[in-house]
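Inside the fold
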Amino acid sequence: MTDIRNPQNWSLETKQLHIGQEQADPATDARAVPIYATASYVFHDAQHAADRFGLRDPGNIYSRLTNPTVEIFEKRIAALEGGSAAVAAASGAAAITYTFQALAKAGEHIVASKTIYGGTYNLLAHTLPLSAGIETTFVDPDEEGSFENAIRENTKAIFIEALGNPNSNLIDIEAVAAVAHSHGIPLVIDATFATPVLIRPINMARISLCIPPPSSSTDTEPRSAAWSLKRESLTGRHPENIRGFPIPTRAITAFPLRMRSDRLPL
Ligand SMILES: Cc1ncc(COP(=O)(O)O)c(C=O)c1O
């Protein structure tokens, strides 16, 4: 018989209500997620601090890095998307920027669909080449073989949108994923215009990483976004870039975002 206490067996509707907050708040027994609006955390003694900074104790150090309110939102998004973990950023643009910074470094290359959001186009066409030395080739997603033909030895990511902005064009995600993964390259998907109710690109064959849409789908200000990723997708790449992570989602923002993620199917 199916064990309904195992979150792996929960439906999307159950996950969206409970994942990340299976127990009431351990400090206060509050049923609602408390907003831990703190920048820092108190260490019990010098050894405790040393263990936290040495990552031997996985607890909180500083809210720009981890925060209990944000963590619940991140766990919720990861569960809804089907990822291993999520990292919440203060905006979609921040999430996309950090994704590319984690995957590529100066002298490396990205292949992107040309049917993408203008802000992301600007990042890839101008900001990353000028500031980071990362070059992008834009391809027509409707032209057969265009993604594969643009791949070079130094290509570190292929980027598409699940529903292109502004055209709402559809790309054969499985076909692009097959090309990407036959070359050992992660496929990055911005799924801003869908929700995990409609599409979970990370669950489709071999897709590594996606940027889900708590901002657009839940219409919350200030906007925010979270990566949802498969554990293996950053192996051997540049995860140390994430450690600095300057633009996280704040606890005060994660709270309404998490609340609104309760209602995605509506
Ligand atoms: C497809 C897509 N991706 C990313 C973004 C950037 O999101 P944000 O404005 O939260 O940085 C947008 C914004 O409209 C978008 O439409």
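See the structure above.
Definitions and limits used
- Residues numbered from 1 in each chain as written.
- Predicted model: local features only at pLDDT ≥ 70, side-chain atom pairs only at ≥ 80, totals over all residues.
- Helix = DSSP H or I, 4+ residues; strand = E, 2+ residues; numbered from the N terminus.
- Buried ≥ 20, exposed ≤ 12 C-beta atoms within 10 Å, placed from the backbone.
- Contact = placed C-beta atoms within 7 Å.
- Core = buried A, V, L, I, M, F, W, Y, C linked by C-beta atoms within 7 Å.
- Axes fitted to C-alpha atoms, helices over the stretch in contact; angles between N-to-C directions.
- Parallel < 35°, antiparallel > 145°, perpendicular 65-115°, else oblique.
- Left-handed = near helix turned anticlockwise from the far one by under 90°.
- Nonpolar A, V, L, I, M, F, W, Y, C, P; charged D, E, K, R; others polar.
- Bend = angle between axes of the 7 residues up to and from the residue.

1. Some words on the overall build of the protein chain
Check the secondary structure of the protein chain and you find 10 helices and 7 strands. Within the protein chain, buried positions represent 37% of all 266 residues.

2. Considerations on the environment of aspartate 262
Inspection of the secondary structure assignment puts aspartate 262 in the segment after α10 (251-261). Remark: the alpha-carbon pair of aspartate 262 and glutamate 13, spanning 249 residues in sequence, is separated by 7.9 Å. Not counting chain neighbours up to four residues away, the residues in contact with aspartate 262 comprise Gln16 and Leu17.

3. Here's the deal with the nonpolar core
Phe100, Ile110, Ala157 and Ile158 are the most contacted members of the largest nonpolar core, which totals 48 residues. Ranked by the residues each element gives to this core, the list is headed by helix α3 (residues 68-81), at 7 residues. What isoleucine 110 contacts, discounting residues up to four positions off in sequence, is Phe100, Ala104, Leu124, Ile134, Thr136, Thr155, Lys156, Ala157 and Phe159.

4. Points about the packing of helix α4 (residues 92-103) against helix α5 (residues 118-132)
Between α4 and α5, the least distance of the axes is 11 Å, while the angle of their chain directions is 40°. Judged by the angle between their axes, α4 and α5 are oblique. Where α4 crosses over α5, the handedness of that crossing is right-handed. Residues Ala93, Ile96, Thr97 and Phe100 of α4 pack against Gly119, Thr120, Leu123 and Leu128 of α5. Along the lines of polarity and charge, the residues of the contact of α4 with α5 split into 5 nonpolar, 3 polar and no charged.

5. Observations concerning α5
Along its length, α5 shows its largest kink, about 35°, at leucine 124. Turning to α5, its buried residues are Thr120, Leu123, Leu124 and Leu128. Taken together, the buried residues of α5 touch α4, β2 (109-113), β3 (135-139) and β5 (187-190). Of the residues one or two after α5, glycine 133 is the one with positive phi, at around 70°.

6. So, unusual backbone geometry
Each neighbour pair has its own omega, and for asparagine 165 with proline 166 the value is 10°, a cis peptide bond. Position of proline 166 relative to the elements: it lies in the loop between β4 (155-161) and α7 (173-182). If you check the backbone angles, aspartate 29 has positive phi at about 65° while not being a glycine. Turning to its location among the elements, aspartate 29 is positioned in the loop between α1 (12-18) and α2 (46-53). A positive phi angle, close to 55°, is found at serine 168, a residue other than glycine. If you trace the backbone, serine 168 turns up in the loop between β4 and α7.

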